[in-house]
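Chains, contacts and geometry: an overview
Here is what each chain is made of, one letter per residue.
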Amino acid sequence: MLNITLPDGSQRQLPDGATGYDVAASISEGLARNALAVTVNGDVRDLHRALPDNATVSILTWNDTAGKSTYWHSSAHLMAEALEALYPGVKLAIGPAIENGFYYDVDLGEGRSISSEDFPEIEKKMLELAKNKSRYERKEVSKADAIAYFTEKQDPYKLELLENLEDGNITFYTQGNFTDLCRGPHIPDTGNIKAAKLMNVGGVFWRGDANRQQLTRVYGITFPKAKDLAEYLERLEEAKRRDHRKLGKELKLFAFSEKVGAGLPLWLPKGTALRERLEQFLRKAQVKAGYLPVVTPHIGAKELYVTSGHYEKYGADSFQPIKTPNPGEEFFLKPMNCPHHCEIYKTEPRSYRDLPVRFAEFGTVYRYEQSGELHGLTRVRGFTQDDAHLFCRPDQVKDEFMKVIDIVLYVLKALDFNDFTAQISLRDPENKAKYIGTDENWALAESAIIEAAAEKGLTTTTELGEAAFYGPKLDFMVRDAIGRRWQLGTIQVDYNLPERFDLEYTAADNSKQRPVMIHRAPFGSLERFVAVLIEHCGGNFPLWLTPEQFIVLPISDKYSDYAYQVKAQLEQHDLRGTVDGRDERIGRKIRDAEMGKIPYLLVVGEKEAQDNIISVRKHGEGDLGSMPLEAFVKSVQSQMVEAM
RNA sequence: GCCGUUUUAGCUCAGUGGUAGAGCACUUCCUUGGUAAGGAAGAGGUCAUGGGUUCAAAUCCCAUAAAUGGCUCCA
């Protein structure tokens, strides 16, 4: 008999040779039907493999990330089978599952290519093959047999992969007419692949090496129900509708100009209004938290970056130096604010009593990002960080972290990001030599971050080896309104720069000590944050932030005087808006204002002018009826207070 | 930076070798209209840039730039 422990801690006894499927069947028929794979002591395995004794087993279905991933990996094999059927002689490289679906890298051979026009045929073939309900059969093979198989098949990529595999550790999976070198695991059979869609095709290099063979990467996604595919495609459409590049243009927030240069955004008046409001919002919170605003120049002498180490690391791959009439004199556009802030720290001797000291700056920096990497506002060559550097004693790290977490949480709440986790990135304990700083300090900082996150009640994940060489960090991984994940709000410990800039403070015993430096940027950069925010709210910004809160729409030009009176009165209550004074009918004015995503449309005509009221229409909700100005002001103001 | 695709009016896009098009936006006129597009007229283009092929190029070829989908990178 086997003793099996389930995730809830309960125990079950099954006959020897029982499989994950048997466990699922012993729980419920439905679970057995939906089971895709199992985890055995944490490792994902095929559902139909015999279980070891005393294992902890959990059943994976479509609702588990690992279940989906297994499903998509199996789908990649199905696509490969379809490709082999349609493109005889195709050579296969690798085909993993990814976050949304899977891909397979293939070599079609000279003169053949796949384009999106070929997708329907491949999809059709996949579904046709899936209908056979072919089982994914696992088989352990010797290295010699595996090499013989792929030599026969003339697949150089699989042969190369085999070179790095150990004999006795090699498995093949076969479904239908297709056999692949694969570690697995896989779903039981192709039967529950009910919907397939190829998404994209692109060229990649074998093993990412530009000197090697160019392969075709075919991306696809599959689902157990046709409805799921339809929903997925709808989500993609929604993402397109929310694309910040599209909305940025439509709402006149920002633009790019070839003449100005790639990756250098131009902020239009409305975008600037939004951005400045964000800045004010954070500046206020920072001053309350004891930050000291500073301002530093956009360039720095070469020596500054030699000291910081950036010259050596990035000098050749970035914007090249600015020369002056003075021979040998060189300046660099600043790629970051930290070196400047270190120099500010050094302007006076610091006592342990002065710490922490927190310098904040909305600092514009320039980085020569690779041309292929530029993307709307999320990846640009000139951007403004909501930067601050905290210099503190080692024993203050935890407290400072907690305070920064407070600010980040405040920002996320005000902007309606409610779904997030904190990722703690620590040192790789196996490879401590990679990192700068003493063991003692690392241990102190790492436990400070972990404790701070725990005391703030954050949901956290911990990544070993993800820390920068100069210190551990905490990032907020935020899920937006349509389920995409973004990294916002970074807090990072730095042992490197204090060392390089020889920063010190005088301790209580009169000894010189090294302060700990903490970088932090709740937004990251204004550019990227605005991009994420646009996509999160679909261009419908929170009322307190939006460039225009209202627009007054006079029924005809007879009432435009009254319209301007309304605007002036609302402005006295610190509300922002305009009057649509065009010679157009009210229907047109409403349509344009709705398309412009302005939260409140205030219609005024004869009736309103006479009774000194306004007729209020809310964006996306329709007519709210008429009311006195004061009532409107009160309702809007209370909404804004609530949001903060 | 590499591979692919794209670039035509302010915007969204038609136009596959023979005189440059539509809708919206813009200007003017008419219209004074009550909750998602009132009507008419007009103006607007070295078809990204530079070369080439051709009697003839928006259209075919080459280069450059930018955008875009990937790859690589991301202090």
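Predicted model, so just to flag it, every value in this text is computed and none were measured. Chains are numbered independently. Their residues run from 1 in the order of the written sequence. Chains and ligands are labelled by the order in which they are written, letters from A for the one and numbers from 1 for the other. In keeping with the model being predicted, local features are shown solely for residues with a pLDDT of at least 70 and side-chain atom pairs are shown and tallied solely at 80 or more, while totals for entire chains, interfaces and linings include all residues. Excluded from the side-chain calculations are hydrogens and water; all other atoms, namely the structure's heavy atoms, are used.

We now examine the overall build of chain A. Looking only at helices and strands, chain A has 20 helices and 33 strands in total. Here the C-alpha coordinates of chain A stretch approximately 85 × 75 × 60 Å along the principal axes. In chain A, of all internal contacts separated by at least 6 residues, the share reaching a separation of at least 24 is 69%. Residue-level accessible areas treat just the shown protein chains as cover; the underlying method is Shrake-Rupley with a 1.4 Å probe. For chain A, the exposed surface amounts to about 31700 Å²; the carbon and sulfur share of it is 48%. Under the convention used here, Asp and Glu are negative, Lys and Arg are positive, and both His and the chain ends fall outside the count. A charged residue contributes its charge at one atom only: NZ of Lys, CZ of Arg, CG of Asp or CD of Glu. Averaging the positions of the 81 positive and the 95 negative side-chain charges in chain A gives two centres separated by 3 Å. Only DSSP runs of H or I reaching four residues or more are called helices, and only runs of E reaching two or more are called strands; each is numbered from the N terminus. Any two residues whose heavy atoms approach within 4.5 Å are treated as being in contact.

Turning to the domain arrangement of chain A, a few remarks are in order. Each domain span listed reflects an automatic or database assignment of domains. Domain annotation of chain A identifies domain 1 (2-61), domain 2 (66-233), domain 3 (255-298 + 334-537) and domain 4 (550-643). Inter-centroid distance (C-alpha atoms) of domain 2 to domain 3 is 41 Å.

A few words on unusual backbone geometry. For the bond running from Leu355 to Pro356, omega is -5 degrees, close enough to zero to count as cis. Counting through the fold element by element, Pro356 comes out in the loop between helix 12 (338-345) and strand 20 (357-366). Although it is not a glycine, Asn54 sits at a positive phi angle of roughly 55 degrees. Tracing the sequence through the fold places Asn54 in the loop between strand 4 (43-46) and strand 5 (55-60). For Gln154, which is not glycine, the phi torsion reads 60 degrees and is therefore positive. We call a residue buried when its accessible area falls under 20% of the maximum for its residue type, exposed when it is over 50%, and partly exposed in between, using a 1.4 Å probe and counting protein chains only. With relative accessibility at 55%, the residue Gln154 sits in the exposed group.

Only strands joined by at least two bridges in the DSSP assignment are considered to pair. Strand order in the open sheet formed by 3 strands is 9-10-11, with antiparallel pairing between adjacent strands. The open sheet has two free edges, formed respectively by strand 9 (137-141) and strand 11 (178-181), since each of these has just one partner strand. Across the sheet, the mean angle separating the axes of adjacent strands is 25 degrees when strand polarity is ignored. One ladder, built from 4 bridges, connects strand 10 (residues 170-175) with strand 11; its direction is antiparallel. Opposite Gln175, over in strand 11, you have Phe178 as the bridge partner. Sheet contacts for helix 3 (residues 65-86): strand 10 and strand 11; angle to strand 11, the most-contacted strand, approximately 125 degrees. In this analysis, axes come from line fits to C-alpha atoms, helices being fitted only over the stretch in contact, and the angle between any two N-to-C directions falls in the range 0 to 180 degrees.

A separate point is the side chain of Arg350. Position of Arg350 among the secondary structure elements: in the loop between helix 12 and strand 20. Since its relative accessible area comes to 9%, Arg350 is described here as buried. In the analysis that follows, any N or O atom pair within 3.5 Å is treated as a polar contact, provided that within protein one partner can donate a hydrogen and the other can accept it, and provided that, for residues neighboring in sequence, both atoms belong to side chains. In this structure the side chain of Arg350 is engaged in a polar contact, spanning 3.2 Å, whose partner is the backbone oxygen of Ile344. Those residues in contact with Arg350 that sit more than four places away from it in its chain are Ile344, Tyr345, Val357, Phe359, Glu504, Tyr505 and Thr506.

A side-chain nitrogen of Lys or Arg and a carboxyl oxygen of Asp or Glu constitute a salt bridge if their distance falls within 4 Å. Taken as a whole, this structure holds 41 salt bridges when the rule is applied. Within this structure, Glu234, Glu238, Arg241 and Arg242 form a network of salt bridges that share partners.

Turning to the packing of helix 3 against helix 4 (residues 119-130), a few remarks are in order. Where helix 3 meets helix 4, the closest approach of the two axes is 9 Å, and the angle between their N-to-C directions is 115 degrees. What the angle tells us is that helix 3 and helix 4 run roughly perpendicular. When the axes of helix 3 and helix 4 are compared, the crossing they make is right-handed. Counting all contacts with helix 3, which are made through Ser75, Leu78, Met79, Glu81, Ala82, Leu83, Ala85 and Leu86, the residues of helix 4 involved are Glu121, Ile122, Lys125, Met126, Leu129 and Ala130. To sort the angles, those under 35 degrees are grouped as roughly parallel, those over 145 as roughly antiparallel, those from 65 to 115 as roughly perpendicular, and the leftovers as oblique. Whether a crossing is left-handed or right-handed is set by the direction in which the near helix is turned from the far one by less than a right angle, anticlockwise for left-handed and clockwise for right-handed.

Let us now look at the packing of aromatic side chains. When the centres of two rings from Phe, Tyr and Trp lie within 6.5 Å, Trp using its six-membered ring, the rings pair. Their planes under 30 degrees apart give stacked, over 60 give edge-to-face, and anything left gives tilted. On inspection of all chains with the given rule, the structure shows 25 aromatic pairs. A ring pair is formed by Trp442 and Tyr495, whose centres lie 6.1 Å apart and whose planes are at 45 degrees; its orientation type is tilted. One end of the pair, Trp442, is in helix 14 (residues 439-455); the other, Tyr495, is in the loop between strand 25 (485-494) and helix 15 (496-500), and 53 residues separate them in sequence. Of the two residues, Trp442 and Tyr495, neither departs from the other in class, the shared state being buried. Linked through ring pairs, Trp62, Tyr71, Trp72, Phe223 and Tyr232 together constitute an aromatic cluster.

Now for the protein's contact with RNA strand B. Proximity is defined per residue: if any heavy atom of the residue lies within 4 Å of a molecule or strand, that residue is considered near it. Near RNA strand B you find 47 residues, and of these Met336, Ser371, Glu373, Asp583 and Ser615 are the closest. Near the protein, within 4 Å, the atoms of RNA strand B are sugar or phosphate in 47% of cases. One of the side-chain nitrogen or oxygen atoms of Asn200 is found 2.6 Å away from a sugar or linking oxygen of RNA strand B. Separating a base oxygen of RNA strand B from a side-chain N or O atom of Asp583 is a distance of 2.3 Å. With 6 residues, helix 18 (residues 586-595) is the largest single contributor of residues to the surface near RNA strand B. Per-class residue counts for the surface near RNA strand B are 13 nonpolar, 14 polar and 20 charged. Under the scheme applied, nonpolar residues are Ala, Val, Leu, Ile, Met, Phe, Trp, Tyr, Cys and Pro; charged residues are Asp, Glu, Lys and Arg; polar residues are all the others, including Gly.

Quantified by volume, the second largest pocket comes out at close to 1100 Å³. When contributions to the lining of the second largest pocket are tallied by element, the ones reaching two or more residues are helix 3, helix 7 (226-242), helix 8 (244-250) and strand 25. Residue-level mapping places the lining of the second largest pocket at the junction of two domains, with at least three residues from each of domain 2 (66-233) and domain 3 (255-298 + 334-537). Using only the protein atoms, space was sampled on a 1 Å grid; points where a 1.4 Å probe fits but cannot get out form cavities, open sets with protein on both sides within 12 Å along at least five of seven lines form pockets, and lining residues are those with an atom within 4 Å of a point. Grid points are joined across faces, edges and corners, and a volume is the space filled by probe spheres set on the points.

Take the pairing of strand 13 (residues 214-223) next. Along strand 13, 8 of the 10 residues are buried, which leaves the element largely enclosed by surrounding structure. Bridging between strand 8 (residues 101-107) and strand 13 involves 5 bridges; their strand directions are antiparallel. If you follow Tyr103 over to strand 13, its bridge partner there is Tyr219. Here 10 bridges tie strand 12 (residues 195-205) to strand 13, and the two strands are oriented antiparallel to one another.

Sheet architecture is open: 8 strands sit in the order 16-20-21-28-25-24-22-23, paired in mixed fashion. Here the strands that pair on one side only, and so sit at the sheet edges, are strand 16 (292-293) and strand 23 (460-464). Judged from the 5 bridges that link them, strand 25 and strand 28 (residues 516-521) form a sheet pairing that is antiparallel. The partner of Gln492 across the bridge, within strand 28, is His519. Contacts from helix 9 (residues 269-288) reach strand 16, strand 20, strand 21 (382-392) and strand 28, with the element oriented near 160 degrees to strand 20. Most of the contacts of helix 13 (residues 397-414) go to strand 24 (residues 473-479), to which it runs at about 15 degrees, and overall it touches strand 20, strand 21, strand 22 (419-426), strand 24, strand 25 and strand 28.

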